[in-house]
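Fold and contact review
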Amino acid sequence: MSMGNLASTYRNQGHWNDAEALEVVAMEKMMRALGDDHPDTLTSMVNLASTYRNQGRWNDAEALEVVVMEKKRRALGDDHPDTLTSMANLAAIYWNQGHWNDAEALEVVVMEKMKRVLGDDHPQTLKSMANLASTYRNQGRWNDSEALEVVVMEKMKRVLGDDHPDTLTSMANLAATYTNQGRWNDAEALEVVVMERMKHVLGEEHPDTLTSVANLAATYANQGSWNNAEALEVVVMEKKRRALGDDHPDTLTSMANLASIYRNQGRLDDAEALEVVVMEKMRRVLGDDHPDTLTSMANLAATYRNQGRWNDAEALEATVMETRKRT
């Protein structure tokens, strides 16, 4: 197996540190053998940036993606699809950093150029519209987000068909906006359709299917239907454990979601037991400073507060606050 393929396997397993070690070596070898501007070198940089993103190392990812974007602009031109993809990647990093205005500025450019170069109905154009809608959603611009997502969903249905995975993703995105608008029934109606179609098209064990189940569980939780939410989240957690392993970040996220449901059900001991496991595993897998690790600590602190364990809660919250200030 080549170094790149093995790194990709590590990335898919959530073994970010192993992936990073290989990708750094691969990038340096390609720089030395092929030069800084060779397409394969740039691909290796993108792969490493992807791993940095998964590690929550947004600044390191940003630094690489800026270099890639500038080199692609110079070599291929502003309007080349590969240049636009690199701009979209950088916008995604800004999105994860919470730099919504920077993300929006890039995404508007990408969307307009893709419309002109590829056409309004091209799948890549539609994805660029979906990315911009996601940014609007995070800016609290629910109506702007909804307007774009309805267009994307209708076009994807027409271009790709009702059951295409990208169409189903567009439906899930619109459901997420309905959720942010507090339109639980509208969100639920879409999410049930998405879940059933994904089960049919992709299978019950596919990661995207499990995401759709988790989304519906979250909607049930927002509606206060804790038992329905719990039933779905238990299924998600068990399937992710089996498919990805106990330590995969996606498995840990599902465990955290289930713990949150337990907390809202008043099952504080059950919530604590899961949250301690999640926190310890995230520390080991992602590192003490990773945003998801800090979130897991904050979740456990919330449970401690509900148990009346004020000192334990305060100690965790102080650590989270100081780490976030530092990073």
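Placed above this text is the structure.
Keep in mind that what you see is a predicted model, and the values were worked out from it rather than measured.

Criteria and thresholds
Residues numbered from 1 in each chain as written. Predicted model: local features only at pLDDT ≥ 70, side-chain atom pairs only at ≥ 80, totals over all residues. Heavy atoms only, no water. Helix = DSSP H or I, 4+ residues; strand = E, 2+ residues; numbered from the N terminus. Expected span 1.5 Å × (residues − 1). Buried < 20%, exposed > 50% of the residue type's maximum accessible area, 1.4 Å probe, protein only. Contact = heavy atoms within 4.5 Å. Phe/Tyr/Trp six-rings, centres within 6.5 Å; stacked < 30°, edge-to-face > 60°. Salt bridge = Lys/Arg side-chain N within 4 Å of Asp/Glu carboxyl O. Core = buried A, V, L, I, M, F, W, Y, C linked by side-chain atoms within 4.5 Å. Axes fitted to C-alpha atoms, helices over the stretch in contact; angles between N-to-C directions. Parallel < 35°, antiparallel > 145°, perpendicular 65-115°, else oblique. Left-handed = near helix turned anticlockwise from the far one by under 90°. Nonpolar A, V, L, I, M, F, W, Y, C, P; charged D, E, K, R; others polar. Polar contact = N/O pair within 3.5 Å; in protein donor to acceptor, adjacent residues only side chain to side chain. Arc of directions from axis to C-beta.

**Details of helix α2 (residues 16-34)**
In an α-helix there are 3.6 residues to a turn, and that puts residues three or four apart on one side. In this model, α2 (19 residues) spans 26 Å end to end at C-alpha, consistent with the 27 Å of a helix rising 1.5 Å per residue. Among the residues of α2, those classed as buried are Trp 16, Ala 19, Glu 20, Leu 22, Glu 23, Ala 26 and Met 27. Contact partners of the buried residues in α2: α1 (3-12), α3 (39-54), α4 (58-76), α13 (249-264) and α14 (268-286). Downstream of α2 by one or two residues, Gly 35 has phi in the positive range, about 100°.

**Concerning the packing of aromatic side chains**
A full pass over the atoms with the stated rule returns one aromatic pair. When the centroid spacing of 5.7 Å and the interplanar angle of 80° are considered together, the rings of Trp 95 and Trp 100 count as edge-to-face. Given a relative accessible area of 24%, Trp 100 falls into the partly exposed group.

**Re the pattern of salt bridges**
Side-chain pairs of opposite charge can arise where the charged atoms are in close proximity. Using the criterion set out here, one finds 34 salt bridges in the structure. With its nearest N and O atoms 3.1 Å apart, the salt bridge here joins Asp 289 to Arg 326. With Asp 289 in the loop between α14 and α15 (291-306) and Arg 326 in helix α16 (residues 310-326), this pair connects stretches of sequence that are 37 residues apart. The exposure class of Asp 289 is partly exposed, given its relative accessible area of 37%. Classification of Arg 326 by relative accessible area gives exposed; the value is 57%. The closest approach of N and O atoms between Arg 305 and Glu 317, which form a salt bridge, is 2.0 Å. With Arg 305 in helix α15 and Glu 317 in helix α16, this pair connects stretches of sequence that are twelve residues apart. With a relative accessible area of 37%, Arg 305 lands in the partly exposed category. Judged by its relative accessible area of 31%, Glu 317 falls in the partly exposed class. Salt bridges sharing common partners tie together Glu 204, Glu 205, Lys 239 and Arg 242.

**So, the nonpolar core**
In this structure, Met 255, Leu 274 and Val 278 are the most contacted members of the largest nonpolar core, which totals 14 residues. Only α13 and α14 provide two or more residues apiece to this core. When residues no more than four places from it in sequence are discounted, the contact partners of Val 278 are Leu 252, Met 255, Ala 256 and Ser 296.

**What about the environment of Leu 258?**
Along the chain, Leu 258 turns up in helix α13. For Leu 258, a relative accessible area of 1% gives the class buried. Sequence separation of Leu 258 and Asn 311 is 53 residues, and the distance between their C-alpha atoms is 25 Å. Not counting residues up to four positions away in its chain, the partners in contact with Leu 258 are Glu 230, Glu 233, Val 234, Met 237 and Leu 274.

**Observations concerning the packing of α14 against α15**
Where α14 meets α15, the axes come as close as 9 Å, and the angle between the chain directions of the two elements is 160°. For the element pair α14 / α15, the angle class is roughly antiparallel. Note on packing geometry: the crossing formed by α14 with α15 is left-handed. Where α14 approaches α15, its residues Leu 268, Ala 271, Glu 272, Glu 275, Val 276, Val 278, Met 279, Met 282, Arg 283 and Leu 286 are matched on the opposing element by Asp 292, Thr 293, Ser 296, Met 297, Asn 299, Leu 300, Thr 303, Tyr 304 and Asn 306. The residue inventory of the contact of α14 with α15, partitioned by class, reads ten nonpolar, five polar and four charged.

**A word on the side chain of Thr 167**
Here Thr 167 lies in helix α9 (residues 165-180). For Thr 167, a relative accessible area of 0% puts it in the buried group. Of note is the side chain of Thr 167, whose polar atom sits 2.8 Å from the backbone oxygen of Gly 161. Once residues lying within four places of it in the same chain are set aside, the contact partners of Thr 167 are Met 156, Lys 157, Leu 160, Gly 161 and Asp 162.

**Some points on the environment of Gln 307**
Mapped onto the elements, Gln 307 comes out in the loop between α15 and α16. Residue classification places Gln 307 among the partly exposed residues on the basis of a relative accessible area of 23%. For Gln 307 and Glu 154, which are 153 residues apart along the polypeptide, the C-alpha to C-alpha distance reads 48 Å. Sequence-distant contacts of Gln 307, that is, excluding residues within four places in its chain, are made with Leu 268, Asp 269 and Glu 272. A polar atom in the side chain of Gln 307 sits 3.4 Å from the side chain of Asp 269.

**Section: helix α10 (residues 184-202)**
Taking 1.5 Å as the rise per residue, α10 with 19 residues should run 27 Å; its terminal C-alpha atoms sit 26 Å apart, in good agreement. Taken together, the buried positions of α10 are occupied by Ala 187, Leu 190, Glu 191, Val 194, Met 195 and Met 198. The buried residues of α10 all sit within an arc of 140° when viewed along its axis, so they share a single face. Away from its buried face, by an angle of more than 90 degrees, α10 presents the exposed residues Asn 185 and His 200. Looking at the buried residues of α10, the elements they touch are α9 and α11 (207-222). Directly after α10, the chain includes Gly 203, whose backbone phi takes a positive value near 100°.

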